[in-house]
Amino acid sequence: MSRTAIIARKFAVALRQPAFVWLWLVPAWLLIGMSSAMIALLPFRRIAPWLGANLGATAHRPAATPEQAARARLIGRAVSIAAGYAPFRSNCLPQAMAAKALCALWRVPCAVILGVERERPEGDLRAHAWTSCGDATPTGGACSFATHVPLSCFVPAYVAAQLQR
């Protein structure tokens, strides 16, 4: 494929994105960068409290209205596109952290789930992080629940309080 064809295709895809995605690309990019720096500089025990209350080895999907789930999908799209243009580490964990921050900003209940891939050869663990909000999986892919075993699930404090009732 020629360079011109690639640019034309990317431009056509960009034109189809909703205004929300365009408006939140730069903040998503900055949040991915900050998350990447936190991961590089801080031990995870310092990052974990920022992610929320840890429910343990479960994959919780916080209840969300259809509007909140739609907003979470748009946030996920903005984060995914921004990650593609990041010159720094932008794999699943920084993306999940950025999506969590944007969801919190928009008051969208969001869980950050950390897990490992199922049925890997012995000694070959592959970690993964993803977010969930109602029936939406903003980052990490919708199949993450089926292909990964959750090790930790972080939810906002108010969601954890509701679960304890």
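Residues numbered from 1 in each chain as written. Predicted model: local features only at pLDDT ≥ 70, side-chain atom pairs only at ≥ 80, totals over all residues. Heavy atoms only, no water.

## Concerning the overall build of the protein
Part 1: What the protein contains, in helices and strands, is seven helices and four strands.
Part 2: Secondary structure elements of the protein, listed N to C terminal, follow the sequence α-α-α-β-α-α-β-β-α-β-α.
Part 3: When the backbone C-alpha atoms are referred to their principal axes, the protein occupies close to 55 × 40 × 30 Å.
Part 4: In the protein, buried positions account for 41% of the 165 residues.
Part 5: In the form shown here, the protein has an accessible surface area of approximately 9500 Å², with 61% of it arising from carbon and sulfur atoms.
Part 6: Placing the 17 positive and 6 negative side-chain charges of the protein at their respective mean positions leaves the two points 14 Å apart. (Helix = DSSP H or I, 4+ residues; strand = E, 2+ residues; numbered from the N terminus. Buried < 20%, exposed > 50% of the residue type's maximum accessible area, 1.4 Å probe, protein only. Areas by Shrake-Rupley, 256 points an atom, 1.4 Å probe, with all protein chains shown as cover. Lys, Arg positive; Asp, Glu negative; His and termini not counted. Charge placed at Lys NZ, Arg CZ, Asp CG, Glu CD.)

## Some details on the packing of helix α2 (residues 19-41) against helix α5 (residues 92-105)
Part 1: Between α2 and α5, whose axes approach to 8 Å, the crossing angle comes to 125°. One way to sum up the angle between α2 and α5 is to call them oblique. Relative to α5, α2 is oriented so that their crossing is right-handed. Together, Trp24, Ala28, Leu31, Ile32, Ser35, Ser36, Met38 and Ile39 of α2 and Leu93, Pro94, Gln95, Met97, Ala98, Ala101, Leu102 and Leu105 of α5 make up the contact between the two elements.
Part 2: Counted by class, the contact of α2 with α5 contains 13 nonpolar, three polar and no charged residues. (Axes fitted to C-alpha atoms, helices over the stretch in contact; angles between N-to-C directions. Parallel < 35°, antiparallel > 145°, perpendicular 65-115°, else oblique. Left-handed = near helix turned anticlockwise from the far one by under 90°. Contact = heavy atoms within 4.5 Å. Nonpolar A, V, L, I, M, F, W, Y, C, P; charged D, E, K, R; others polar.)

## Things to note about the confidence of the model for the protein
Part 1: For the protein, the mean per-residue pLDDT works out to 91, and 98% of the residues sit at or above 70.
Part 2: Averaged pLDDT values for the elements of the protein fall to 83 in helix α1 (residues 3-15) and rise to 96 in α5. (pLDDT = per-residue confidence, 0-100.)

## A word on the pairing of strand β3 (residues 127-132)
Part 1: Most of β3 sits inside the fold, with five of its six residues counted as buried.
Part 2: Summarising the sheet, strand β2 (residues 111-117) and β3 pair through six bridges and their orientation is antiparallel. Looking at the pairing, Val112 lines up with Thr131 of β3. (Pairing = 2+ DSSP bridges.)

## Structural notes on the pattern of salt bridges
Part 1: Within the structure shown, the criterion is met by two salt bridges.
Part 2: The partner of Asp135 in a salt bridge is Arg73, and the shortest N-O contact between them spans 2.9 Å. Of this pair, Asp135 sits in the loop between β3 and α6 (144-147) while Arg73 sits in helix α4 (residues 66-84), placing them 62 residues apart in sequence.
Part 3: Here Glu117 makes a salt bridge to Arg126, at a shortest N to O gap of 3.8 Å. (Salt bridge = Lys/Arg side-chain N within 4 Å of Asp/Glu carboxyl O.)

## Digging into the side chain of Ser35
Part 1: Relative to the assigned elements, Ser35 resides in helix α2.
Part 2: For Ser35, a relative accessible area of 4% corresponds to the buried category.
Part 3: Polar contacts involving the side chain of Ser35 include one to the main-chain carbonyl oxygen of Leu31, which spans 2.8 Å.
Part 4: Apart from the residues lying within four places of it in its own chain, the contact partners of Ser35 are Pro94, Met97 and Ala98. (Polar contact = N/O pair within 3.5 Å; in protein donor to acceptor, adjacent residues only side chain to side chain.)

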